[in-house]
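As a plain string of letters, each chain reads:
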Amino acid sequence: MPLNVVVGDKVLKENEIDNKWYYAEMASLDELPTTSQPSIGDYILLLESLYRDGYTDVISFHLSAELSGTCQNARAAAASVDGINVHVVDSEIAAAPLGFMALYAAQNIDKKPLEEILADADEMKKKRQHERILPSRYTD
């Protein structure tokens, strides 16, 4: 779920922005761009679409709940959509390891039970300040 990026008077989805344009635009502005969380409605539309496509579970990784309302909106949306189980993961961070958690889940979704992937994500979160991000039982 992309964040909204406010650049001057424009509100764009972060996945719709060309980096070259963004940095050129940023250099010309008096105020730096800001971000805002996706709306609950955006989450609901995505979850309904996933449900229609046959998904029963979603693992949803988010920026730290202390930094953003994305977790809160994801939980609210999850409670509004029947038939799909949403497992909201507060990464407790706002950096590259969040992406590693999501990649790990995507790479293992067909190899491991959902509960194990969620437990591994929790372990990764606890180890986020160490050099290794992957659970030790998978890297040793």
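Placed above this text is the structure.
Residues numbered from 1 in each chain as written. Predicted model: local features only at pLDDT ≥ 70, side-chain atom pairs only at ≥ 80, totals over all residues. Heavy atoms only, no water.

### Re the overall build of the protein chain
If you tally the helices and strands in the protein chain, you get six helices and five strands. When the helices and strands of the protein chain are read in sequence order from the N terminus, they spell out β-β-α-β-α-β-α-β-α-α-α. Overall, the C-alpha framework of the protein chain stretches about 50 × 40 × 25 Å when taken along its three principal axes. Relative to its full complement of 140 residues, the protein chain shows a buried share of 35%. Approximately 8900 Å² of the protein chain is accessible, and the part contributed by carbon and sulfur atoms is 51%. (Helix = DSSP H or I, 4+ residues; strand = E, 2+ residues; numbered from the N terminus. Buried < 20%, exposed > 50% of the residue type's maximum accessible area, 1.4 Å probe, protein only. Areas by Shrake-Rupley, 256 points an atom, 1.4 Å probe, with all protein chains shown as cover.)

### With respect to the sheet that holds strand E2 (residues 10-13)
Two pairing modes exist for strands in a sheet, parallel and antiparallel, and in both the strands are linked by backbone hydrogen bonds. Spatially, E2-E1-E3 is the arrangement adopted by the three strands of the open sheet, whose pairing is antiparallel. Strands with a single pairing partner mark the edges of an open sheet, and in this sheet they are E2 and strand E3 (34-36). Taking the axes of each pair of neighbouring strands and ignoring which way they run, one obtains an average angle of 30° across the sheet. Alignment of strand E1 (residues 4-7) against E2, held across four bridges, turns out to be antiparallel. Note that in E2 the partner of Val7 across the bridge is Lys10. (Pairing = 2+ DSSP bridges. Axes fitted to C-alpha atoms, helices over the stretch in contact; angles between N-to-C directions.)

### Looking at the side chain of Asp90
Take Asp90: it is sitting in strand E5 (residues 85-90). The buried charged residue Asp90 lacks any salt bridge, with Arg75 as its nearest oppositely charged partner at 5.5 Å. Engagement of the side chain of Asp90 in a polar contact is seen with the backbone nitrogen of Ala65, the distance being 3.1 Å. Once residues within four sequence positions are removed from consideration, Asp90 is found in contact with His62, Leu63, Ser64, Ala65, Cys71, Arg75 and Lys125. (Lys, Arg positive; Asp, Glu negative; His and termini not counted. Salt bridge = Lys/Arg side-chain N within 4 Å of Asp/Glu carboxyl O. Polar contact = N/O pair within 3.5 Å; in protein donor to acceptor, adjacent residues only side chain to side chain. Contact = heavy atoms within 4.5 Å.)

### Structural notes on the nonpolar core
Among the nonpolar cores identified, the biggest contains eleven residues, and these are Tyr43, Leu47, Val58, Cys71, Ala74, Ala77, Ala78, Val81, Ile84, Val86 and Val88. Going through the elements one at a time, helix H2 (40-52), helix H3 (70-80) and E5 are the ones with two or more residues in this core. In terms of residues, this core owes the most to one element, H3, which gives four residues. For Val81, the contacting residues outside a window of four places in its chain are Ile44, Leu47 and Glu48. Core analysis: the next-biggest nonpolar cluster, separate from the first, contains ten residues, Phe61, Ile93, Ala105 and Ala121 among them. (Core = buried A, V, L, I, M, F, W, Y, C linked by side-chain atoms within 4.5 Å.)

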